[in-house]
Amino acid sequence: MKELKADHLTKSVGDKVLFSDVSFLLKENDRIGLIGQNGTGKTSLLNIIAKGYGFDGDINPIQKPSDFRITYLSQLPNFNENDTVLDAILNSDAPAIKVIRDYEQALSAFALDTSERQQNHLAQAEERMHATDAWTLEAELKSILTQLKITDFQQKISELSGGQKRRVQLANVLITPTDLLLLDEPTNHLDIPAILWLQNYLAKFKGILLFVTHDRYFLDAVSNKIYELRNENIYEYQGNYASYVAQKAEQELLDANQAHKAKQLYKQELAWMRAGAQARSTKQQARINRFKTLESSVKQQNTTDSLSIQFEQARIGKKVLELKEGAFRYKEQPIFEDFNLLVQNTDRIGIIGKNGAGKTTLLKIFTGELELTSGTLELGETVKIGYFSQEITGLPEDKRLLPFLQEFAQEYKNGNDIISITSLLEQFLFPKESHGKLIGKLSGGERKRLYLLTLLIKRPNFLIMDEPTNDLDIDTLVVLEYFIDQFNGPVMIVSHDRYFMDKVAEKLLIIENRHISEYFGIYSNYLKEQSQEKPKIETVKVKEKTRENRNRLTYFEKKEWLTIEDEIAEIETRIEAIDTEMNDCGSDFTKLSALQKELDDKTLLLEEKYERWDYLSDKTE
């Protein structure tokens, strides 16, 4: 069994210590979710493990076998822009990938030149495919490409969008044989079907998996262990994200009780220390030392970083937004038609649809950045929109944090409280020593927090947010979800983060096939209903067709056709039973996790059975 071990690993960036003297062990079948606030060093840790350098000190703290293979999905794709999609996907030193790459190149060459020389070249490549059993890996590759919607293998990388490049990068790392798979935000730029597929794919991964994600449903479904980066250390929790939350809650309750006792003791010790030199004789040195320890402990508890979002909104009237018979076309292609919508001042609306369906376009129409092709859009007189766009805008890279925010205001009035801009920055997890930092030097998560701060400081009363969860850590997402829940005005959100959408959206707008429909309920319920949609099986008609046209089925298909409906019914019964068991098992997270996995497997099997039923049914006609 291959393992990777880190001993006394330390990493600093400038004056900031990310992690100090940490040790951990990664072993086969570990599926570890790595979490922590932005800036705690999650990506730095992945980089060090992947590259084997970048740590502090001269002695390499990473120990692994010489033949230990590591594959890394970084946040930013690094491709040769002149390569084709297929070249990029098969860009690996793994022997099996080299064989497939040679075969694909020989196949492409033979399509252009059918000479005997090229024919022999192709035959040799095929022989190597047989000898190494690379056909199995190629079939897996094609399955991965299909799920990630990569179809044009000869397209240049330079012609792809950022999201398409990300999917090509993901296909490359998934197809590469490896002992340790490192994934940094793998769900970015993926739609929900692709995320669900990746979730199931990784749950069956046999090597070691270490991944960073803000998608909590994904984290919960895939992980069997959680590493949390906090206070320059790594804390390990057994189980998935639900288990982590339960363990963390218990620990924080214990810590709170201990902190209360420590503060009470600290007050007593502080009174004694202030009593004067007469009370602090040399005999009391041990008590003085204990006071210093208590003082350090209490101060550390009081300075734990946590985001605070407390902003007032401008008053909003009853009329917010009304769209009548709206239609929009882009380059003569209809995006949606005949759409009517009334937004009220307490609405929480999520917008979903496949990539390219027009979700961002719809938001830009609501903000006035784009105009309807036809129809009318009316905004209430008191409406003040705060638009959180997917692409961060208005943050000049050559300006520094504090002077930039002071251009908006020197202070912020929240009710009767007057808050300085310096305090606002600190509330958004920008410590004083960072206030002179160039905006261009901020991390992705820090930019998101600053962007959100510049939005909220203007006191909007209607929030429109396009993929706000990208680059934000889970702690920040929890606070943002709470703020949205308390927000005194309507909220409209586009997000692929199912957990986030479940928490903040009570109604959905679904963009599909040039039509926008409404769904009242949370995102997970919508997805569940969609997965359970199935063809209506009319038993009598099916039997009639079977008797009349059975001769068109093979012998084995005839046997399958006789039993498939019973198999479908059996699977459906088990799915209903699993739902009941999940509702009854309360906070038993281990059992919940096992039931969820069985539910996912049964749902996937049911979909396969319905596809098979369709196929067999067509052959009987």
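What counts, and at which threshold
All residue numbers refer to position in the chain's written sequence, counted from 1. Totals for whole chains, interfaces and linings use all residues, but because this is a predicted model, local features are given only for residues with pLDDT of at least 70 and pairs of side-chain atoms are given and counted only at 80 or more. Side-chain numbers here rest on the full set of heavy atoms in the structure, without hydrogens or water. Runs of H or I in DSSP of at least four residues are treated as helices and runs of E of at least two as strands, each being numbered from the N terminus. For every residue, the accessible area obtained with a 1.4 Å probe (protein chains only) is divided by the maximum for its type, and the residue is called buried under 20%, exposed over 50%, and partly exposed between those limits. Contacts are assigned to residue pairs that have any heavy atoms within 4.5 Å of one another. Here the accessible surface of atoms and residues is derived via Shrake-Rupley with a 1.4 Å probe, and residues count as covered only by protein chains that are part of the display. When DSSP finds at least two bridges between two strands, those strands are taken to pair. Fitted lines through C-alpha atoms give the axes, limited to the stretch in contact for helices. The angle between two N-to-C directions lies from 0 to 180 degrees. Each helix should span, by expectation, one fewer than its residue count multiplied by 1.5 Å. Pairing of aromatic side chains requires ring centres within 6.5 Å, counting the rings of Phe and Tyr and the six-membered ring of Trp. Pairs whose planes differ by under 30 degrees are stacked, by over 60 edge-to-face, and all others tilted. Charge-over-ring placement is defined geometrically: NZ (Lys) or CZ (Arg) within 6 Å of the ring centre, and within 35 degrees of the ring normal. By convention in these notes, a salt bridge is any Lys or Arg side-chain nitrogen within 4 Å of a carboxyl oxygen on Asp or Glu. Take the buried Ala, Val, Leu, Ile, Met, Phe, Trp, Tyr and Cys residues and link them wherever side-chain atoms come within 4.5 Å; each set so joined is a nonpolar core. Patch membership needs two things, relative accessible area over 30% and no salt bridge, and members are linked within 9 Å if like-charged or within 5 Å if nonpolar (Val, Leu, Ile, Met, Phe, Trp, Tyr). Under the counting rule used here, the positive set is Lys and Arg, the negative set is Asp and Glu, and His together with the chain ends is not counted. We put the charge of a Lys on NZ, of an Arg on CZ, of an Asp on CG and of a Glu on CD. Confidence scores labelled pLDDT are given residue by residue by the predictor and lie between 0 and 100. In protein, a polar contact means a hydrogen-donor-capable atom and an acceptor-capable atom, both N or O and within 3.5 Å, with residues adjacent in sequence counting only if both atoms are side-chain atoms; elsewhere, any N or O pair within 3.5 Å suffices. Any angle from 65 to 115 degrees is called roughly perpendicular, while one under 35 is roughly parallel, one over 145 is roughly antiparallel, and all others are oblique. Polarity classes work like this: nonpolar for Ala, Val, Leu, Ile, Met, Phe, Trp, Tyr, Cys and Pro, charged for Asp, Glu, Lys and Arg, and polar for all others, with Gly in that last group.

Talk me through the overall build of the chain; I want residue IDs and the actual numbers.
Looking only at helices and strands, the chain features 20 helices and 20 strands. Within the chain, the proportion of its 621 residues that are buried is 44%. By sequence separation, contacts in the chain at least 24 residues apart represent 68% of the contacts at least 6 residues apart. Summing over all exposed atoms, the chain offers an accessible surface of approximately 32,800 Å²; the carbon and sulfur share of this is 47%.

Which residues make up the sheet that holds strand S1 (residues 3-13), and what values do they have?
With antiparallel pairing, 3 strands are arranged side by side in an open sheet as S2-S1-S4. Each end of this open sheet is capped by a strand with a single partner; those strands are strand S2 (16-27) and strand S4 (62-63). On top of the sheet, helix H1 (residues 42-51) reaches S1, S2 and S4; it is set at about 55 degrees to S2, its chief contact.

Run through helix H6 (residues 162-175), naming residues and quoting values.
Its 14 residues place the ends of H6 20 Å apart at the C-alpha level, agreeing with the 20 Å of an ideal helix rising 1.5 Å per residue. Counting buried positions along H6 gives 12 out of 14 residues, so the element sits mostly inside the fold. Within H6, the full set of buried residues consists of Gly-163, Lys-165, Arg-166, Arg-167, Val-168, Gln-169, Leu-170, Ala-171, Asn-172, Val-173, Leu-174 and Ile-175. For H6, the secondary structure elements touched by its buried residues are strand S5 (70-73), helix H2 (85-89), helix H3 (95-112), helix H5 (134-147), strand S6 (180-184) and helix H7 (192-203).

How would you summarise the packing of aromatic side chains if you had to cite specific residues and measurements?
Throughout the structure, instances matching the rule amount to 13 aromatic pairs. Ring geometry for Trp-197 against Tyr-201: centres 5.2 Å apart, planes inclined by 35 degrees, an arrangement best described as tilted. Here Trp-197 and its partner Tyr-201 are both found in helix H7, 4 residues apart, which amounts to about one turn of the helix. By the ring-pair criterion, three or more aromatic residues cluster together here, those being Tyr-217, Tyr-237, Tyr-241, Tyr-244 and Tyr-499. A cation sits over an aromatic face here: Arg-230 above Tyr-235, 4.0 Å from the ring centre. Looking at Arg-449, its charged tip hangs above the ring of Phe-430, at a distance of 5.0 Å from the centre.

Tell me about the pattern of salt bridges, and name the residues and values.
Side chains that carry opposite charge are capable of pairing whenever their charged atoms lie near each other. With the rule as written, the count across this model stands at 21 salt bridges. The partner of Lys-149 in a salt bridge is Asp-191, with the nearest N and O atoms 3.8 Å apart. A residue pair is termed long-range when its members are at least 10 positions apart, and Lys-149 in the loop between H5 and H6 and Asp-191 in the loop between S6 and H7 qualify at 42 residues. Under the relative-accessibility criterion, Lys-149 is labelled partly exposed at 45%. Arg-230 serves as the salt-bridge partner of Glu-228, at 3.4 Å between the closest nitrogen and oxygen. Accessibility expressed as a relative area gives 4% for Glu-228, which makes it buried. Exposure remark for Arg-230: the relative accessible area of 25% places this residue in the partly exposed category. Members of the salt-bridge network, linked through shared partners, are Lys-2, Asp-67, Arg-69 and Asp-179.

Which residues make up the nonpolar core, and what are the values?
Within the largest apolar cluster, 96 residues are counted, with the highest numbers of intra-cluster contacts made by Ile-89, Val-168, Leu-174, Leu-202, Phe-311, Leu-452 and Leu-508. Leaving out residues up to four positions away in the same chain, Ile-89 has contacts with Leu-141, Leu-145, Ile-150, Val-168, Ala-171, Asn-172 and Ile-175.

So what about a negative patch on the surface? Which residues, and what values?
A contiguous patch of negative charge on the surface is contributed by Glu-607, Glu-608, Glu-611, Asp-614 and Asp-618. Glu-608 gets classed as partly exposed once you look at its relative accessible area, which sits at 43%.

Describe the confidence of the model for the chain, listing the residues and the values that go with them.
Looking at the chain, pLDDT values average 83 and 86% of them are 70 or higher. Long-range and interchain partners of residues 534-551, a stretch whose pLDDT sits below 50, account for 25 contacts in this model, where long-range means more than four residues apart.

Hey, could you go over H7 for me, with residue numbers and the actual values?
When the terminal C-alpha atoms of H7 are compared, their 16 Å separation across 12 residues agrees well with the 16 Å that a helix rising 1.5 Å per residue should span. For H7, the full list of buried residues reads Ile-192, Ala-194, Ile-195, Trp-197, Leu-198, Gln-199, Leu-202 and Ala-203. The N-terminus of H7 is capped by Asp-191, whose side-chain oxygen sits 3.1 Å from the backbone nitrogen of Ala-194.

Help me get a handle on the pairing of strand S19 (residues 507-512), residues and values and all.
Most of S19 sits inside the fold, with 5 of its 6 residues counted as buried. When strand S12 (residues 348-352) meets S19, the two strands line up parallel, connected through 4 bridges. Of the residues in S19, the one forming a bridge with Gly-350 is Leu-508. Following S19, the chain reverses through 2 residues before pairing antiparallel with strand S20 (residues 515-520); Asn-513 in that reversal takes a positive phi of roughly 55 degrees.

How would you sum up the environment of Phe-520? Please name residues and give values.
As for its placement among the helices and strands, Phe-520 is situated in strand S20. Spatially, the C-alpha atom of Phe-520 lies 4.6 Å from that of Lys-507, the residues being 13 residues apart in sequence. Ignoring any residue separated from it by four or fewer positions in sequence, one finds Phe-520 in contact with Glu-506 and Lys-507.

So, the sheet that holds strand S3 (residues 31-35): which residues are in play, and what are the values?
Spatially, the 6 strands line up as an open sheet ordered S5-S6-S7-S3-S8-S9, and their pairing is mixed. Strands at the two margins of the open sheet, each flanked by one partner only, are S5 and strand S9 (233-238). Across the sheet, the axes of successive neighbouring strands diverge by a mean angle of 20 degrees, strand direction being ignored. Across 5 bridges, S6 lies against strand S7 (residues 208-212) in parallel orientation.

I'd like a description of the packing of H3 against H5, backed by residues and values.
A pair of packed helices is captured by two measures, namely the crossing angle of their axes and the spacing between those axes. The contact between H3 and H5 brings their axes to 10 Å, and the two run at 80 degrees. Taken together, the axes of H3 and H5 are roughly perpendicular relative to one another. Only Ala-134, Trp-135, Leu-137 and Glu-138 of H5 make contact with H3, whose side of the interface consists of Ala-96, Ile-97, Val-99, Ile-100, Tyr-103 and Glu-104. Within the contact of H3 with H5, the residues separate by chemical class into 8 nonpolar, no polar and 2 charged.

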